[in-house]
Amino acid sequence: MALYEHIFLARQDLSQAQVDTLAATATEIIEKNEGKVTKTETWGLKSLAYKIDRNRKAHFVLLNIDAPGTVVEELERQTRINEDVIRYMTIRVD
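The paragraphs below set out a description of the structure included in this document.

With that settled, consider the packing of helix α1 (residues 16-32) against helix α2 (residues 69-81). Two elements in contact, α1 and α2, have axes whose closest approach is 9 Å; the angle formed by their N-to-C orientations is 150°. Taken together, α1 and α2 sit at an angle that is classed as roughly antiparallel. In this structure, the crossing between α1 and α2 has a hand that is right-handed. Contact residues: α1 offers Ala26, Ile29 and Ile30, while α2 offers Val71, Glu74, Leu75 and Gln78.

Structure, rendered in structure tokens:
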């Protein structure tokens, strides 16, 4: 299995509990598809360099993932559907 870093930005008007729920949902998707989350980091509410969908700030969350590529495809599909996530990126780590 490959190692990935998945980071997403959640809307600024969400509470920390809602952001933790988003991270838990992503972890659940990964574990349901036989992957594993090795580390979850919540970086908190930070300012953005420019407005994204009328948001000047966002909650940053990083997930370190050990999973096959199909799991990453499903995670990105679910993230794309979620309206609370304004941006996301998944990078393969060597």
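Don't stop here, the text continues.
For strand β3 (residues 55-67), a buried count of eleven out of 13 residues is recorded, marking the element as mostly surrounded by other parts of the structure. The sheet contact formed by strand β1 (residues 2-10) and β3 spans nine bridges and is antiparallel. For Phe8, the partnering residue across the bridge sits in β3 and is Val61. Hairpin connection, strand β2 (residues 36-52) to β3: the antiparallel pair is bridged by two residues, and Asp53 has positive phi, about 50°.

So, how was this worked out
- Residues numbered from 1 in each chain as written.
- Predicted model: local features only at pLDDT ≥ 70, side-chain atom pairs only at ≥ 80, totals over all residues.
- Heavy atoms only, no water.
- Axes fitted to C-alpha atoms, helices over the stretch in contact; angles between N-to-C directions.
- Helix = DSSP H or I, 4+ residues; strand = E, 2+ residues; numbered from the N terminus.
- Parallel < 35°, antiparallel > 145°, perpendicular 65-115°, else oblique.
- Left-handed = near helix turned anticlockwise from the far one by under 90°.
- Contact = heavy atoms within 4.5 Å.
- Buried < 20%, exposed > 50% of the residue type's maximum accessible area, 1.4 Å probe, protein only.
- Pairing = 2+ DSSP bridges.

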